[in-house]
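Each chain, written out:
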Amino acid sequence: MAISLVSTQRISAFTGGKHDCKRCRVHSNGRTPETYLPETTGAGCAFLDYDNDGWMDIYLVNSGPCDFFQPKTPLRNALYKNNRDGTFTDVTEKAGVSGNAYGMGVAVGDYDGDGFPDIYVTQYPHSVLYHNNGDGTFTDVTAKAGVAAPGWGTSAVWFDYDNDGALDLFVCRFVDFSKAKNKFCGNLKTGERWYCIPSVYDPMPCWLFHNNGDGTFTDVSKQSGIASVKGKAWGAVACDVNNDGLMDIFVANDTVANFLYINRGKGKFDEAGLLAGVAYSAYGRPRSGMGVDAADFNQDGWMDLFVANVDQEMFSLYQNNKDETFRDVAIATGIGSATRLLSGWGLKFFDYDNDGELDLLLCNGHPDDHVDARVGGVTYLEPMLLFRNTAKGLKNVSGESGDIFRKSLAARGMALGDFDNDGSVDVLIATNNGAPVLLRNNAGKENHWLGVQLIGKKSNADAIGARVTYQAGNLMRRRVKVGGGSYLSSHDPRIVLGLGKRETIDWLEVKWPLPGGGTQHFRDLPIDRYITIVEGEEKWK
Amino acid sequence: MKLKPTLSLFVFCFAIGPASMAQKPTEPSNVNLKAVQQGIALSEQGRCGEALSLLRKFASVGQSNKDVKLRAGLATVRCAMTMDRADVAVDAIRILTRDFPADPDVLYATVHAYSDLSTRASLALVRVAPSSYQARQLNAESLEAQGRWDDAANEYRAILKQDPKLAGMHFRIGRCILSKEETSTTSADAKKEFEAELKIDPNNAGAEYILGELAQHASDWGGAIEHFGRAAKLSPGFAEAQLGLGMALIATNKFDQAVAPLEAYTKIQPGNPAGHYQLMMAYSRTGRKEDAAREAALQRQTAEKLEQEKQRNRGVEPSQPPTP
C-alpha cells in the first residue's frame, strides 16, 4: 500500500504533520487501567536505507504482546520502503521485521559489514536482532547472536568500543519491571491511577555486547564495567568525550544519576558521571533524563552533551571543559527557561538550514496522561522546540519555523533523515498512541550543501566515530559521527555538510576511527549532492 | 488605592507575645472556673463587654477542664475582636495555639483573627498617615502579592520620589522586574535597580546576592564571584550566597578557593544535596579523595531523602490500591 506521509507545501522551515499520515501505521500503547509504565514511554523510529537504493526508508516500532498486554487485534512494527516520490510502501511482511514483543526502540547498524543495515529492536521483555539478507528480507538472528537482553530494553546504540572494526551493541535497560511488579501510583482515596514516577522501581544495569565478528556476540556487561552500576536508562549516545580515540558512552537515567562511561581501553569503562558533572543537576539532585545527544555544538573540538529531562527540571546542555568534566550551560543559552515546563524525549543536534552551524531540535510530551488536571502549567501534549545556532548562541526559532511548532504532541522517538534527497535533513517523530509525524525540511534548500556517506573498511562499516572537517571559503567546520542519540531511534547514516551561500567546497578531510585511524583529504568536490567515501579509496563516488 | 494587607507581616509582629503568657498555668479555684463558664455563656449571648472581664482567667483553667478552656479561649478571641481589643485577642491566640495546636477551631479562629487585625492595622495606617512611605509600601506589597508587578514597582518609584535615599525600594523594584515575564531587557533593568540599591545601602546582602545570580546566569563568573563574595561577607550565615560563591569558583576552576564557602554552606544546610555535591567536586579536584567520597555519600543520602519527601508531597507513594 502506498501512503503519503507529507504535505508538499513549502511555506515554513518544516511542513507536514499528523493530518498527512491518515493511512500510516499508528502506534498503539494498549493503555490499561493498571497504567503499566511501558505504555506511556514508547516508541521509537528510524530512517534507514534497508535496500541500498540510495533513498531513506522508514521503520516504526509498535507495542505488542507481553505479560501485561494482549492486543485484541495483532500489532506489529512497520518497515516502509521509500517510493522516491514522497510516498512509502509498507513492506514489513515481506521483510519479516514485525517485532515479537512490546516494542520500544530501534537501532540500525551494519554489524557484519556486508553493506546492508541490520535492525535491532528493543522490546519488553526481550529484544530482537534482524539480520539484513540483502534481498529485501531479514532473518531473526537474536538467539544465534545472543543479544536478546532480557528485561525492559529501551534505547540501543551500535558503536565499536574496542576498535576492532566491528560494531558492538550497547542496550539501555530501564527498571526491574513485570506485570507482577507493577505498582499502584495514584489517589488512594479514589483509586484513580496514574503512571508511576520511575523512582518507585528498582534500577537495572545496561547491557554491552561485544561483536565476535562471526555473527555472534558476547555479553561483556560485567567485565567491561558497564554493569557495575545500576540505572534507569532511557537514552544513550556514543562518542569520544576526551579525544583519546576510544568511544565513550553517555546514558540518560530517570530519577537517578546519569552515567558517563569513559572508555579506558582494553575493554574497560569507568563510570565517571559524578566527577564529570553530568550525573546530577548543579544542585546535586538527580533529574529525569530521557533523550540525549552529543555534538561539538560550539566547534571547539570537544564533544558536548545534551539531556532532556522532565518538567520543572529544565534540560541540560553540558559544555565540555576539555578535562573530562562538563559545565551545564542550559540557562546561559536560553535552553533552561524554554524547557522549564517541558518533558523531552527525541532530540538531535543537526544543521537544519545548512548554514554550517549545528542547531537543535527537541521533541516533547509529558509521560503522565493525567498531568493536565494535576499540575498547573504542564500538559500531556507539548510542542516541539527548534533552536537555531547563530554561531554566537542558540536562538529559539520555533515560532517562525512552521505550524507544526504550534501543535502539541505526545512525541517520543525522533529520527533524522533526508527522505527526499534534497539535502535538507527531514524529521520523523514517533508519537505515543498516535500516528507518526513526518516533517519535510524546507529550510536547508535555501543554502548549499554536500552530503557524505562514509563506509568503513578497516574501521567499523558505519564509520561511527569518524570526524569530517571541511572548508568552504571562510567557513571551516567539523562534524563527528556519533553512535545513537535521540530517544529509542536511529538516523540516516549520511552526514550533510552545510555551506551557507558558498558555492564551492575547498577541501574535506575524513579522520577514520580506529583501527583504521587514517586521515584522507579530498578536493574538487561537488556541492548540492550526495557522495560516498570509502575508507582507503582515493576518489569519492 | 485599595489596600489588601499582607497577612504574613502581621503574623510576624504578633508572634511575639507578653512574657506573662509563658507562665505555667495553675489550677483555678472553683470560683474562677465558674466565672469562666459564665463568661462563655455571656459571649454566646453577644454580651462581649461583660464576658471579657470574666474570661480573662481562662488561661489558668487546667487539663481536667480542657473543653472549657478551649471554648473559653475561642470566646475570648471572638469577643476581643468584637470589642477591638487586639492585645487580648493575640494573648488568647497564643495560649490556644500552644495548648491546642492541631485543633481545627483554633486554627480557623487564628486565621480570621490575624486577617482581621491585619486589615484593621492597614486601615489605621492609611487613616493616620495616608501619604507616609509606610502606607505606600504596604500598598505596593499588596500589589506584589496580587502579581501586579508594574503597579507595585510604580508605587515603590513614587516612594523614591518622596525620599530618594530610602533603603529597600530599589531592591523591591528589582524584585518586581525579575518577577515579571522575562524579556530581553529583564536582566539589565533589574541589575540597574540592585546596583542603585547598593549605592544607598552598601550592606544589602540580598542585592549583592541577586546581582551574583544575574551574573551567574549570564556566565559572568567573575561578576558572580564578586557579588556572591560580598553577600557572603556581609552576611556569613547567608547560605545561598555561600553556595553561589562556591559554585562560581568551581565554574572558574578555583577549586581550592571554593572549599571554604561550600564548607560554610554545608554547615548551615546539611540536609541540602547541593552543598555536598559542589563540595565533593571541590575536594575531588584538589586531591582530597576521602573527603570527596564522604561528600558524595552525603549528597546521595540527602538527595534520596528529598526525593522521598517529594514523592510523599505529590501523593504518589506506591502502595496498595483501596479495596473495592
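Since the model is a prediction, treat every value here as computed from it, not as a measurement.

**Some points on the overall build of chain B**
Counting secondary structure elements, chain B contains 16 helices and 0 strands. Evaluated residue by residue, chain B yields a buried proportion of 44% over its 324 residues. Of the contacts made within chain B by residues no fewer than 6 positions apart, 52% connect residues no fewer than 24 positions apart. A total of about 17300 Å² of accessible surface is found on chain B, and carbon and sulfur atoms cover 53% of it.

**What about the sheet that holds strand β21 (residues 316–320) of chain A?**
Residue and element names in this part refer to chain A. The sheet built from 4 strands is open, its strands ordered β19-β20-β21-β22 with antiparallel pairing. Whereas interior strands pair on both sides, the edge strands pair on one side only; in this sheet they are β19 (292–295) and β22 (326–328). Each strand of the sheet is rotated relative to its neighbour by a mean of 20 degrees, with strand direction disregarded. Both β21 and β22 contribute to a ladder of 3 bridges, which runs antiparallel. Each residue of the ladder has a partner; that of N320, found in β22, is F326.

**Quick notes on the interface of chain A and chain B**
At the interface, 29 residues of chain A touch 33 residues of chain B. Broken down residue by residue, the surface that chain A buries against chain B is led by L274(A), Y283(A) and R285(A), which jointly contribute 21%. Connecting chain A to chain B are 1 salt bridge. The partner of R285(B) in a salt bridge is D323(A), and the shortest N-O contact between them spans 2.8 Å. Linking chain A with chain B are 5 residue pairs in polar contact (both at pLDDT 80 or more). Across the side of chain A that touches chain B, the residue classes tally to 15 nonpolar, 8 polar and 6 charged.

**Description of the side chain of N29(A)**
Here N29(A) is to be found in the loop between β2 (14–16) and β3 (45–48). Exposure remark for N29(A): the relative accessible area of 5% places this residue in the buried category.

**Notes on the sheet that holds strand β25 (residues 385–389) of chain A**
All names here are of chain A. Taken in spatial order, the 4 strands make up an open sheet running β23-β24-β25-β26, and their pairing is antiparallel. The sheet terminates laterally at β23 (344–350) and β26 (394–396), the two strands that pair on one side only. Taking the axes of each pair of neighbouring strands and ignoring which way they run, one obtains an average angle of 20 degrees across the sheet. With 3 bridges connecting them, β25 and β26 associate as antiparallel partners. Bridging from a neighbouring strand, F387 pairs with N396 of β26.

**Re the packing of aromatic side chains**
Residue and element names in this part refer to chain A. Using the criterion set out here, one finds 35 aromatic pairs over all chains in the structure. An angle of 35 degrees between the planes, with centres 5.5 Å apart, marks the rings of F68 and Y124 as tilted. Note that F68 is positioned in the loop between β4 (57–60) and β5 (78–82) and Y124 in strand β8 (residues 118–124), a separation of 56 residues in sequence. According to the relative accessible area criterion, F68 is buried, its value standing at 6%. For Y124, a relative accessible area of 3% puts it in the buried group. Between W152 and F174, the aromatic rings sit 4.9 Å apart at their centres with planes inclined by 80 degrees, giving edge-to-face as the arrangement. Here F174 lies in the loop between β12 (168–173) and β13 (207–211) and W152 lies in the loop between α2 (142–145) and β11 (153–159), a separation of 22 residues in the sequence.

**Notes on the confidence of the model for chain B**
Summarising the model, chain B shows a mean pLDDT of 86, and 87% of its residues fall at 70 or more. In the predicted structure, residues 1–26 of chain B sits below a pLDDT of 50 and forms 44 contacts with residues beyond four places in sequence or in another chain.

**Description of the side chain of T32(A)**
All names here are of chain A. Mapping T32 onto the fold places it in the loop between β2 and β3. A polar contact is formed between the side chain of T32 and the side chain of E39, at a distance of 2.6 Å. Discounting chain neighbours no more than four positions away, the residues touching T32 are E39 and F68.

**Digging into the state of the cysteines**
Disulfides are covalent bonds that link the sulfur atoms of two cysteine residues. Evaluated as defined, the whole model comprises 2 disulfides over all chains. The disulfide bridge from C48(B) ends at C79(B), spanning 2.3 Å between sulfur atoms. Where C48(B) bonds to C79(B) through sulfur, the torsion about that S-S bond is close to -65 degrees, and the disulfide is left-handed. Residue C48(B) is found in helix α3 (residues 48–55), and its partner C79(B) is found in helix α4 (residues 66–82); the two are separated by 31 residues along the sequence. For the pair shown, C48(B) and C79(B) are each scored as buried. Sulfur of C66(A): no disulfide; nearest cysteine sulfur belongs to C196(A) and is 16 Å away.

**Section: the nonpolar core**
One finds Y156(B), F194(B), I250(B), L262(B) and M280(B) to be the most contacted residues of the largest nonpolar core, which totals 55 residues. Among the elements that make up this core, the one with the highest residue count is helix α13 (residues 239–251) of chain B (9 residues). Both domain 2 (129–202) and domain 3 (223–312) of chain B contribute no fewer than three residues apiece to this core. Those residues in contact with F194(B) that lie beyond four places of it in its chain are F171(B), G174(B), R175(B), L178(B), A207(B), I210(B), L211(B) and L214(B). Formed by 35 residues, the second largest nonpolar core is a distinct cluster that contains A149(A), W158(A), F159(A) and I464(A).

**Thoughts on the confidence of the model for chain A**
Residues and elements named next belong to chain A. Of the residues in chain A, 95% have a pLDDT of 70 or more, and the chain-wide mean is 93. Here residues 1–11 scores under 50 on pLDDT; set against residues more than four positions off or in separate chains, the count is 42 contacts. Contacts from residues 17–22, a stretch scored under 50 in pLDDT, to residues over four places away or in other chains number 18 contacts.

**Description of the pairing of strand β6 (residues 87–90) of chain A**
All names here are of chain A. The pairing of β5 with β6 spans 3 bridges and is classified as antiparallel. Residue pairing for β6: K81 is matched across the bridge by T89. Counted between consecutive antiparallel strands, the loop separating β5 from β6 contains 4 residues, among which R84 sits at a positive phi close to 70 degrees.

**Topic: the packing of α13(B) against helix α15 (residues 273–285) of chain B**
Residues and elements named next belong to chain B. Direction vectors running N to C along α13 and α15 enclose 35 degrees, while the axes themselves pass 10 Å from each other. Crossing angle aside, the handedness with which α13 passes α15 is left-handed. Each of L243, M247 and I250 in α13 lies in contact with α15, whose residues at this interface are A274, G275, Q278, M281 and A282. Residues that form the contact of α13 with α15 fall into these classes: 6 nonpolar, 2 polar and no charged.

**Some points on the packing of helix α8 (residues 149–162) of chain B against helix α9 (residues 169–179) of chain B**
All names here are of chain B. Between α8 and α9, the least distance of the axes is 9 Å, while the angle of their chain directions is 165 degrees. One finds that α8 runs roughly antiparallel with respect to α9. Relative to α9, the crossing made by α8 is left-handed. Between α8, through W149, A152, A153, Y156, R157, I159 and L160, and α9, the contact on the second element is made entirely by M169, H170, R172, I173, R175, C176 and S179. Looking at side-chain class alone, the contact of α8 with α9 contains 9 nonpolar, 2 polar and 3 charged residues.

**Comments concerning unusual backbone geometry**
Note: most residues except glycine have negative phi, and most peptide bonds are trans. In this structure, A43(A) follows G42(A) across a cis peptide bond, with omega equal to 10 degrees. Its identity as a non-glycine residue notwithstanding, R84(A) has a phi of 70 degrees, on the positive side.

Reading the values: the criteria
Residues numbered from 1 in each chain as written. Chains lettered and ligands numbered in written order. Predicted model: local features only at pLDDT ≥ 70, side-chain atom pairs only at ≥ 80, totals over all residues. Heavy atoms only, no water. Helix = DSSP H or I, 4+ residues; strand = E, 2+ residues; numbered from the N terminus. Buried < 20%, exposed > 50% of the residue type's maximum accessible area, 1.4 Å probe, protein only. Contact = heavy atoms within 4.5 Å. Areas by Shrake-Rupley, 256 points an atom, 1.4 Å probe, with all protein chains shown as cover. Pairing = 2+ DSSP bridges. Axes fitted to C-alpha atoms, helices over the stretch in contact; angles between N-to-C directions. Buried area = accessible area lost by both parts, 1.4 Å probe. Salt bridge = Lys/Arg side-chain N within 4 Å of Asp/Glu carboxyl O. Polar contact = N/O pair within 3.5 Å; in protein donor to acceptor, adjacent residues only side chain to side chain. Nonpolar A, V, L, I, M, F, W, Y, C, P; charged D, E, K, R; others polar. Phe/Tyr/Trp six-rings, centres within 6.5 Å; stacked < 30°, edge-to-face > 60°. pLDDT = per-residue confidence, 0-100. Disulfide = S-S within 2.5 Å. Core = buried A, V, L, I, M, F, W, Y, C linked by side-chain atoms within 4.5 Å. Domains from an automatic or database assignment. Left-handed = near helix turned anticlockwise from the far one by under 90°. Parallel < 35°, antiparallel > 145°, perpendicular 65-115°, else oblique.

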